[in-house]
Each structure stands twice: as structure tokens, then as C-alpha cells.
Amino acid sequence: DSGVTQTPKHLITATGQRVTLRCSPRSGDLSVYWYQQSLDQGLQFLIHYYNGEERAKGNILERFSAQQFPDLHSELNLSSLELGDSALYFCASSVDDEVLKHYEQYFGPGTRLTVT
Amino acid sequence: AQTVTQSQPEMSVQEAETVTLSCTYDTSESNYYLFWYKQPPSRQMILVIRQEAYKQQNATENRFSVNFQKAAKSFSLKISDSQLGDTAMYFCAFMRRLFGNEKLTFGTGTRLTIIP
């Protein structure tokens, strides 16, 4: 158990709908990363939040958005869903400690999204 | 942009044998980290080992060790005394150490099967 939690584990929804995926980082970790794993694209970085602020964006669609709350949990919002959005969505957290050089990212169990 | 290449899509080895998984990467950076992640059938992403580019000594974690060749941009993973529980997808990942760019860039993975 990595200490990172994600809910829900599975999500089945229809095209055009909107869903919210939730992530709680490990205790003490300030960074939250979101990744998408699909068969055709592999593991792709979506977005990174550090202590409530957006720090970096990857290949994230405009239909997708995220935020990190004061308690450090994060939510990934996916809207106007398409069949191609079906994938496993991972959240990872890291302490990102420059002094101790602790940059390892620990992954949650993922949310499997199926768009029908 | 950084790229990570894993040229072995699949490998299999007898239980108790040693196996080496290959990974090469392309970067012009000097400050970076390399990781190996394991993804068993449960789909959980598990951190196996990490290597800092500024360290010449190869990292080891129990039965797992790496051969880091910085000049050749090569980062292979050796699994000694392989066990059935080692059956999984293995992903090599690269991280720049630059503010706002701490994302992981993954290779396409190697599917490793340990044969009883």
C-alpha cells in the first residue's frame, strides 16, 4: 500500500458526461501528479499540483481540469467524455524535498474509467 | 523533449534465474533521476528502484539492481533470483530535476513473465 488513495476504483459512464476523480496524497506529500494510462498512448503525464498551485501541465485536454484543495487532496474533472477517454487514471504523490532530494512519486491504485 | 526507450516488449525467464531489462533514454540535461516501476496484474504502479544521475554508484534494492551508464544513456534493471511475484510489466521512467518539470516520462514497458 503506497499510502495514496483514489476513488472511485471503477467508473462507467456514457459519452458526453462529466466525471470527477479524487485523490488523497500520502501524509506529508505536497505534490500531486495525474497520469493517464491507455493502450494506445501508454503512460502520459497530465498535470502537477504543488501545495495547491498548478506547477506543470502535460498533454491534458481542454475538456479536463484539476485542482488541489487546502487539505492537499486533488480532483481531476473530465467533461464531454469521449470513447477515447477510456483509460486508467493514476494519481501520484511526492514530498518533492529539495534538501533531502526525495523526489520519488508514489502511485495510487488508479481509477479505471470506461466510457460507453 | 526527453524520450525513454524500452526495446524488449516481452521477456520470460525461469524462476530463480537472473534477468536484465534494458532501457535507454535521450536527454541533454545533466540533473535528472531515473526510476524503474513495476505494474503487476493488479495494475498498481510500484516503485522498484531509483538512480540519481549525479551518483556514479549503481543503486541496489535487495534482489534488484541497476546498471547505470550515463555516457551511453543506458539504465538497465537486473533482477536476481527471480520469483513468481516478479511477473509484471516493468516501466523505466525519467525525471528532470527542474522546477515545474518534475513529471515522469515513461517507456513503453517490458512484460516480464517468470516461469515456474
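Residues numbered from 1 in each chain as written. Chains lettered and ligands numbered in written order. Predicted model: local features only at pLDDT ≥ 70, side-chain atom pairs only at ≥ 80, totals over all residues. Heavy atoms only, no water.

**Here we look at the overall build of chain B**
Move 1: Counting its secondary structure elements, chain B contains zero helices and 12 strands.
Move 2: Put simply, chain B runs from its N terminus to its C terminus through helices and strands in the order β-β-β-β-β-β-β-β-β-β-β-β.
Move 3: Taken against the 2.2 N^0.38 rule, which gives 13 Å for 116 residues, the C-alpha radius of gyration of chain B at 14 Å falls within 12% of a compact globule.
Move 4: With the C-alpha coordinates aligned to their principal axes, the bounding extent of chain B is approximately 45 × 30 × 20 Å.
Move 5: Counting only residues that meet the buried cut, chain B has 52% of its 116 residues in that class.
Move 6: Looking at chain B alone, contacts between residues at least 24 apart form 55% of all its contacts between residues at least 6 apart.
Move 7: For chain B, the computed accessible surface area is about 5600 Å², with 46% contributed by carbon and sulfur atoms. (Helix = DSSP H or I, 4+ residues; strand = E, 2+ residues; numbered from the N terminus. Rg over C-alpha atoms; globule rule 2.2 N^0.38 Å. Buried < 20%, exposed > 50% of the residue type's maximum accessible area, 1.4 Å probe, protein only. Contact = heavy atoms within 4.5 Å. Areas by Shrake-Rupley, 256 points an atom, 1.4 Å probe, with all protein chains shown as cover.)

**Observations regarding the side chain of Q44(B)**
Move 1: Here Q44(B) lies in the loop between β5 (32-39) and β6 (46-52).
Move 2: A polar atom in the side chain of Q44(B) sits 2.9 Å from the backbone oxygen of F107(A).
Move 3: At 3.4 Å, the side chain of Q44(B) and the backbone oxygen of G108(A) are in polar contact.
Move 4: Q44(B) has contacts with S2(A), F107(A), G108(A), P109(A), K38(B) and Q39(B), leaving out every residue within four places of it along the chain. (Polar contact = N/O pair within 3.5 Å; in protein donor to acceptor, adjacent residues only side chain to side chain.)

**A few points about the nonpolar core**
Move 1: Within the largest apolar cluster, 25 residues are counted, with the highest numbers of intra-cluster contacts made by Y25(B), W36(B), F75(B), L77(B) and Y90(B).
Move 2: Contributing elements (two or more residues each) for this core: β3 (19-21), β5, β6, β8 (64-69), β9 (74-79), β10 (88-96) and β12 (110-115) of chain B.
Move 3: Among the elements that take part in this core, β10(B) stands out by supplying four residues, more than any other.
Move 4: For Y25(B), the contacting residues outside a window of four places in its chain are T3(B), V4(B), Y32(B), L34(B), F68(B), Q69(B), K70(B), K73(B), S74(B), F75(B) and F94(B).
Move 5: If you look at the next biggest cluster of nonpolar residues, it comprises 21 residues, including V32(A), W34(A), I60(A) and Y89(A). (Core = buried A, V, L, I, M, F, W, Y, C linked by side-chain atoms within 4.5 Å.)

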